[in-house]
Amino acid sequence: MRDNQQHNLRQSDLAFFGAITASVTHEFKNCLAVINEYSGLLEDLLMGAAPDDCIDVDRIAKVPVSISRQVSRADQIVNRLNQFAHSVDQPMVQFELNELIERIVGLVRRLADMQRVDLEVNPPDDQVSVEGNPFLLQHVIYGCIERCLRHSKQGGSITITWKREGDGAEVNVTGAMGSSEAGGADNDGLLSLLVTELGARVDCSPAEDDRTATVIHLPRSPNEGSLHVG
Amino acid sequence: MKRIRVLLIDDEEELVSALAERLMLRDIEAVGVTRGAEGLRWLEKEQFDVIILDLKMPDMSGMEVMRRVGKLAPEVPVILFTGHGSVKSSEEGLEQGAFAYLAKPIRIEELVATIKEAAAG
């Protein structure tokens, strides 16, 4: 790979990391804002009552439940971001494809929700274990989802499925796409670079509801590319 | 004395609910909605003194809502709310005509003071 392509790839990796972090931290701040309001409401209800006033116990009892719900939500958000951050720790490692895809979808779901696009995940019945670069694969899947989001209208949908394919594995991202990209063109060249670096292969074909299926074919062994399926 | 009437638009339902209740406890009447389009429908049929508006919402961005408020009820001041905290988004909001910009999580005293200032203007 040429130097400028490597440079573009690394810039793209950074942009991906930045986009995910920005979206996740925004969502985390929303959790903090809700917790802030509910704890403030608790204070208002308790401290605002005069000494002889009856306190609405039922009303007050609901507040800690809401706070707890937001804490769980925030915890899930942070766990996901933490796992994402650790995906850069090792460039070659064995990992579960199911867990990786659920994670990247969880991280980008907010972006799809903001556009009112449904992000649907249909996992296989069994675990699919692969060996390779988890950060790169997340980046490729994100790139496919992001391409679909660019062309999706409100009310549209993106479907992600995956399965074993022979000795390898296959990840399918189906959604709206521009006509040139649906024909296989990679308008900014980055997705192709990422796929090459990953040692994978991508093809596009028409799918139902005027959508396009982008299929990422993951190789069997490191000798075939950067990914090995176990 | 007539109570200040606020329209609160934010896609976080629990935030809207808790904040509306806190404002009511401070004698500020608050109507809370979770979609920009719904907020605009309220604005078409009812009078409000101040609008509190989240910048990032799924159906319609806060900026787009603000533009439409500018045509529908230009006399109603808008206080922008966001989890962004970026200088750029605050500057853009103020340039678009927002009365003020507050970053989440907010301090209720600061919000109430800003609402009263906006309503008096």
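Quick look at the structure, then. Note that this is a predicted model, so its numbers are computed, not measured.

Now for the pairing of strand β7 (residues 211–218) of chain A. Residue and element names in this part refer to chain A. Most of β7 is tucked away, with 8 of its 8 residues classed as buried. Residues of β7 alternate between two faces, with R211, A213, V215 and H217 on one and T212, T214, I216 and L218 on the opposite face, all of them buried. Relative to β7, strand β5 (residues 168–175) runs antiparallel, the two sharing 7 bridges. Across the sheet, A169 pairs through a bridge with L218, a residue of β7. With 7 bridges joining them, strand β6 (residues 201–207) and β7 adopt antiparallel strand pairing. Note on β7: the bridge partner recorded for C204 is T214. Connecting β6 to the antiparallel partner β7 that follows it, the hairpin turn spans 3 residues, and D209 within it adopts a positive phi of roughly 60 degrees.

What follows concerns the nonpolar core. Residues A:I20 and A:L97 are the most contacted members of the largest nonpolar core, which totals 48 residues. With 10 residues, the single largest contributor to this core is helix α4 (residues 134–151) of chain A. Those residues in contact with A:I20 that lie beyond four places of it in its chain are A:L81, A:F84, A:I104, A:L107, A:V108 and A:Y142. In this structure, A:L45, B:V50, B:L102 and B:V112 belong to the second largest nonpolar core, which totals 31 residues.

A separate point is the side chain of A:E37. Mapping A:E37 onto the fold places it in helix α1 (residues 3–47). Among the residues examined, A:E37 registers a relative accessible area of 1% and is labelled buried.

It is worth spelling out the sheet that holds β6(A) at this point. Residue and element names in this part refer to chain A. Spatially, the 5 strands line up as an open sheet ordered β2-β4-β5-β7-β6, and their pairing is mixed. Two strands close off the open sheet at either side, each with one partner strand: β2 (118–122) and β6. Strand-to-strand, the axes of this sheet are offset by a mean angle of 20 degrees, without reference to chain direction. By the bridge criterion, 7 bridges tie strand β4 (residues 157–165) to β5 in an arrangement that is antiparallel. Among the inter-strand pairings, T161 is bridged to a residue of β5, identified as N172. Running at roughly 170 degrees to β2, helix α3 (residues 97–114) makes contact with β2, β4, β5 and β7 of the sheet.

The subject of this paragraph is the interface of chain B and chain A. Contact residues are listed per partner, giving 22 residues for chain B and 23 residues for chain A. Buried surface at the junction of chain B and chain A, summed over both partners, amounts to about 2000 Å²; 49% is from carbon and sulfur atoms. Taken as a group, B:E12, B:E14 and B:R22 account for 29% of the area that chain B buries against chain A, more than any other trio of residues on that side. Linking chain B to chain A there are 6 salt bridges. Residue A:R59 is joined to B:E21 by a salt bridge in which the shortest nitrogen-to-oxygen separation is 2.4 Å. At the junction of chain B and chain A, the tally comes to 11 residue pairs in polar contact (both at pLDDT 80 or more). In terms of residue count, the dominant contributor to the side of chain B that touches chain A is helix α1 (residues 13–25) of chain B (8 residues). Of the residues in the side of chain B that touches chain A, the class split is 9 nonpolar, 4 polar and 9 charged.

All names here are of chain B. Along the polypeptide, D54 turns up in strand β3 (residues 50–54). Among the residues examined, D54 registers a relative accessible area of 1% and is labelled buried. A distance of 3.4 Å separates a polar atom in the side chain of D54 from a polar atom in the side chain of K104. Excluding residues that lie within four positions of it along the chain, D54 makes contacts with I9, D10, D11, G62, F81, T82 and K104.

This next bit is on unusual backbone geometry. Residue B:P105 follows B:K104 across a cis peptide bond; omega there is -10 degrees. Checked against the element boundaries, B:P105 lands in the loop between β5 (100–103) and α5 (108–120). The backbone of A:R116 sits at a positive phi, close to 55 degrees, despite the residue not being glycine. Position of A:R116 among the secondary structure elements: in the loop between α3 and β2. Positive phi, normally seen in glycine, also occurs at B:D27, with a value near 65 degrees. Following the sequence through the fold, B:D27 ends up in the loop between α1 and β2 (29–33). Here B:D27 falls in the partly exposed class, since its relative accessible area comes to 49%.

Cut-offs and rules
- Residues numbered from 1 in each chain as written.
- Chains lettered and ligands numbered in written order.
- Predicted model: local features only at pLDDT ≥ 70, side-chain atom pairs only at ≥ 80, totals over all residues.
- Heavy atoms only, no water.
- Buried < 20%, exposed > 50% of the residue type's maximum accessible area, 1.4 Å probe, protein only.
- Helix = DSSP H or I, 4+ residues; strand = E, 2+ residues; numbered from the N terminus.
- Pairing = 2+ DSSP bridges.
- Core = buried A, V, L, I, M, F, W, Y, C linked by side-chain atoms within 4.5 Å.
- Contact = heavy atoms within 4.5 Å.
- Axes fitted to C-alpha atoms, helices over the stretch in contact; angles between N-to-C directions.
- Buried area = accessible area lost by both parts, 1.4 Å probe.
- Salt bridge = Lys/Arg side-chain N within 4 Å of Asp/Glu carboxyl O.
- Polar contact = N/O pair within 3.5 Å; in protein donor to acceptor, adjacent residues only side chain to side chain.
- Nonpolar A, V, L, I, M, F, W, Y, C, P; charged D, E, K, R; others polar.

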